[in-house]
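Below, each chain spelled out in residue letters.
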Amino acid sequence: MKDSTPKWSPDGKTIAFSSNRSGRSQLYLISAEGGEARQLTFCVNGAKNPIWSPSGAHLLFEAAVAPDQHLTDEEAQSENETKLSPMIVERIRYKSDGVGFLDDKNQQLGIVSVSTGEITQLTEGDRDYTAGCWSPDGQSIVYSANLGEEPDHDLLTDVHMMKLEDKQVTTITTGRGVFGSPSFSPDGKYLTLSGHERDYLSATLSRLWLYSVEDEELICLTADIDVQIGDVAIGDFHSGTVNPGAFWTKDNKGFYFLMSDQGNTGVYYGTIEGEMYPAILDEQHVYGLSVDPVSHKAIVAISTPTHPGDLYKVNLSTGEKSQLTNVNEEFLAEIELSTAEAITFKAPDGWDIHGWVMKPVGYEEGKKYPTIMEVHGGPHAMYANTYFHEFQMLASQGYVVVFTNPRGSHGYGQAFVDAVRGDYGGADYQDVMAATDYAVVHLHYVDELNLGITGGSYGGFMTNWAVSHTNRFKVAVTQRSISNWLSFYGVSDIGYYFSEWEVGGDLVHNAEKLWKHSPIAYVDQVETPLLILHGEKDYRCPIEQAEQLFVALKKQKKPTKFVRFPESNHELSRSGNPSLRVERLNHIKGWFVEHLD
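Figured I'd write up the structure that's included with this text. (Residues numbered from 1 in each chain as written. Predicted model: local features only at pLDDT ≥ 70, side-chain atom pairs only at ≥ 80, totals over all residues. Heavy atoms only, no water.)

Our next topic: the side chain of D428. Following the sequence through the fold, D428 ends up in helix 5 (residues 427-442). Of the buried charged residues, D428 lacks a salt bridge, with R407 as the closest side chain of opposite charge at 6.9 Å. Reaching out from D428, the side chain makes a polar contact with the side chain of Y458 at a distance of 2.6 Å. When neighbours within four sequence positions are excluded, D428 is seen to be in contact with P406, R407, V420, D423, Y458 and M462. (Helix = DSSP H or I, 4+ residues; strand = E, 2+ residues; numbered from the N terminus. Buried < 20%, exposed > 50% of the residue type's maximum accessible area, 1.4 Å probe, protein only. Lys, Arg positive; Asp, Glu negative; His and termini not counted. Salt bridge = Lys/Arg side-chain N within 4 Å of Asp/Glu carboxyl O. Polar contact = N/O pair within 3.5 Å; in protein donor to acceptor, adjacent residues only side chain to side chain. Contact = heavy atoms within 4.5 Å.)

Taken in spatial order, the eight strands of this open sheet run 28-29-31-30-32-33-34-35, and their pairing is mixed. Only two strands of the sheet have a single neighbouring strand rather than two, namely strand 28 (340-346) and strand 35 (560-565). Each strand of the sheet is rotated relative to its neighbour by a mean of 20 degrees, with strand direction disregarded. Running over the sheet, helix 6 (residues 458-467) touches strand 30 (369-375), strand 32 (446-456), strand 33 (475-479) and strand 34 (530-535) and is turned about 135 degrees from strand 32. (Pairing = 2+ DSSP bridges. Axes fitted to C-alpha atoms, helices over the stretch in contact; angles between N-to-C directions.)

With their axes 11 Å apart at the nearest point, helix 5 and helix 6 run at an angle of 80 degrees to one another. One finds that helix 5 runs roughly perpendicular with respect to helix 6. Contacts between helix 5 and helix 6 pair D428, Y429 and V432 from the former with Y458, M462, W465 and A466 from the latter. Its residues placed into classes, the contact of helix 5 with helix 6 shows six nonpolar, no polar and one charged. (Parallel < 35°, antiparallel > 145°, perpendicular 65-115°, else oblique. Nonpolar A, V, L, I, M, F, W, Y, C, P; charged D, E, K, R; others polar.)

Time to look at the state of the cysteines. For the coordinates displayed, the defined rule picks out zero disulfides. The thiol of C133 is not disulfide-bonded; the next cysteine sulfur, from C220, is found 19 Å away. On the basis of relative accessible area, C220 is assigned to the partly exposed category, the value being 24%. (Disulfide = S-S within 2.5 Å.)

Once that is clear, we can look at the side chain of T371. Along the chain, the position of T371 falls in strand 30. Separated by 3.2 Å, the side chain of T371 and the backbone oxygen of Y369 make a polar contact.

It is worth spelling out the pattern of salt bridges at this point. For the coordinates displayed, the defined rule picks out 19 salt bridges. The residue E390 makes a salt bridge to R584 at a minimum N-O spacing of 2.4 Å. Here R584 lies in helix 12 (residues 578-595) and E390 lies in helix 3 (residues 389-396), a separation of 194 residues in the sequence. For E390, a relative accessible area of 3% gives the class buried. One salt bridge in this structure joins K474 and D597, with 2.8 Å as the shortest N-O distance. Of this pair, K474 sits in the loop between helix 6 and strand 33 while D597 sits in the segment after helix 12; the two residues are 123 residues apart in sequence, bridging distant segments of the chain. Within the structure, one salt-bridge network assembled from shared partners comprises D349, R407 and D431.

On the surface, E214, D215, E216 and E217 cluster together into a negatively charged patch. Tracing the backbone through its elements, the reader meets E214 in the loop between strand 17 (207-212) and strand 18 (217-220). Residue classification places E214 among the exposed residues on the basis of a relative accessible area of 71%. (Patch = residues over 30% accessible without salt bridge, like charges linked within 9 Å, V, L, I, M, F, W, Y side chains within 5 Å. Areas by Shrake-Rupley, 256 points an atom, 1.4 Å probe, with all protein chains shown as cover. Charge placed at Lys NZ, Arg CZ, Asp CG, Glu CD.)

In this section: the sheet that holds strand 14 (residues 169-171). In a beta sheet, neighbouring strands pair by backbone hydrogen bonds and run either parallel or antiparallel. Spatial ordering of the open sheet is given by 11-12-13-14, a layout of four strands whose pairing is antiparallel. Each having just a single partner strand, strand 11 (129-134) and strand 14 make up the two edges of the open sheet. Pairs of neighbouring strands in the sheet enclose a mean axial angle of 30 degrees, with direction left out of account.

Now for the pairing of strand 24 (residues 285-291). Counting buried residues along strand 24, six of its seven residues qualify, which places the element largely inside the surrounding structure. Pairing of strand 24 with strand 25 (residues 297-304) involves six bridges; the strand directions are antiparallel. Its bridge partner being in strand 25, V286 is matched across the sheet by I302. Between strand 24 and the antiparallel strand that follows it, strand 25, lie five residues; H296 among them carries a positive phi value of about 60 degrees.

The next point concerns the packing of aromatic side chains. For the coordinates displayed, the defined rule picks out 36 aromatic pairs. With a centroid separation of 5.4 Å and 75 degrees between ring planes, the pair formed by Y363 and Y445 is classed as edge-to-face. Taken together, the positions of Y363 in the loop between strand 29 (352-358) and strand 30 and Y445 in the loop between helix 5 and strand 32 put the pair 82 residues apart, joining distant regions of the chain. Looking at Y363, the relative accessible area reads 22%, which means it is partly exposed. Relative to W485, the ring of F461 has its centre 5.8 Å away and its plane inclined at 55 degrees; by these criteria the two rings are tilted. (Phe/Tyr/Trp six-rings, centres within 6.5 Å; stacked < 30°, edge-to-face > 60°.)

On to the nonpolar core. In this structure, L394, V446, I453, F461, M462, W485 and F592 are the most contacted members of the largest nonpolar core, which totals 86 residues. For this core, the element with the most residues is helix 5, which contributes eight residues. With residues up to four places along the chain from it excluded, the contact list for W485 reads Y424, F461, F498, S499, V503, L514, H517 and S518. (Core = buried A, V, L, I, M, F, W, Y, C linked by side-chain atoms within 4.5 Å.)

For the bond running from G378 to P379, omega is 0 degrees, close enough to zero to count as cis. Here P379 shows up in the loop between strand 30 and helix 3. Even without being glycine, S181 reaches a positive phi, approximately 50 degrees. Secondary-structure assignment places S181 in strand 15 (residues 178-184). The class of S181 is partly exposed, set by a relative accessible area of 26%. Even without a glycine there, the phi angle at E567 is positive, about 55 degrees. We classify E567 as exposed; its relative accessible area is 62%.

Shown next as structure tokens:
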């Protein structure tokens, strides 16, 4: 059973949430005082993401609907046998990682009465809609959708506002970018959004925007601030966290929001005039936030490299903080964790690269230790001052762990995040090798003859690239990786645009570019023992990427092993089956133990 997206009613007496306890996700209500939950929706394909109306009388929600269905259709009894039938594909986007093959259903919006369960369907057609928020007067709703003529090609998302009385729709954003996370000011005069106009395609920094409802004017509030809006810290312990958008204060003058910068995520306060001030900016990962609009006090979820995460009460005006939960007390009392020490070094072209090093648990001065270089995925994400279980596992095994943010990472400005596009395996690889050089030269406890490298997704690509371009690493583990951009283009759920945006090639006009940046093109140079880990149902970096690499290595009798994880998608290390996540860590540890002295 999975319960998710809990939302307090405006009067604080009831919680609405999604649950699959009936077999399919539906909306439920439960009293804040406890008791049994009451099922509110019985939609044919389920319902999710409840959002309370200001009066508390209704919930806005999302539900999948087929062309011949309506939101008011109720869930049918499941049949014992499912008839097999061919899947007919007419759209380029027909699968999605974590979802699987897409059917003919679209995500529509509806409103359900809390008292009667009566449902009103608000949207229809062959587009998907994401619920956003209600206007303070309850007369309008705001949502996100791609309503272009060719949604699979233009890949844009706009924010729209619908008047419930007549379903009149106003498009708020520009039709040139990707926008979401809308939030109304208490007086209904303004709306904040996050997003960008895709100036640098997938490497564009997300900005904070302000829309004047009266003037119908949209302005970017953070155009002059070279940082990423929201939480883009990457890890393996805080799965399911989302960008909460902006939290308005009662005076209608300002709002609080998350921002990622220099390997930290913090809370900032902004005003409608465009002023920005840090409210929480420490060496930590703020991965959850909820703000009281009157007192400026907040409930904040915080993690550090030695603390998995807890809830804190923070006065955002004074900085006063008190811990509310201690859910990992027993775990932390039983183990010893390694701290993360920040490092900064120069890339060959003079760029500053930031990262961290963790000494092995039980570190003894004067000894040298085998060292693992970790490379994150994305590449447009960032390692951060947050708890990372894989790193702690390796440190407990006696390894030094070095993890850095090479160019392409978020947190260091627009030029830095864009610098990797079209140059995969170029300066980004030099950044990774510069990290290796720094560790060997400046960290006296690093054993330069016992170096390993690992990473997942883009980090898996970089692991593959590294072992096919240098023999400095004694052992490597590549996870959910990319080995061949040519096949990735057509088999990944994002391949047909990601390859063009990021690598700079396509199958028709520039296949040579894709092959040039493919690690498998240099597989004959691999001498490093390589463990290949991959999920069977990974549609982001499909398992054929691993299969090609494994066969190419085996054909040349190179040392390699291939581990396939059943029923696992691209999120295996973060939200996968717990027992398989443990198996994954054991395989990583075992491979390093086997090959490092």
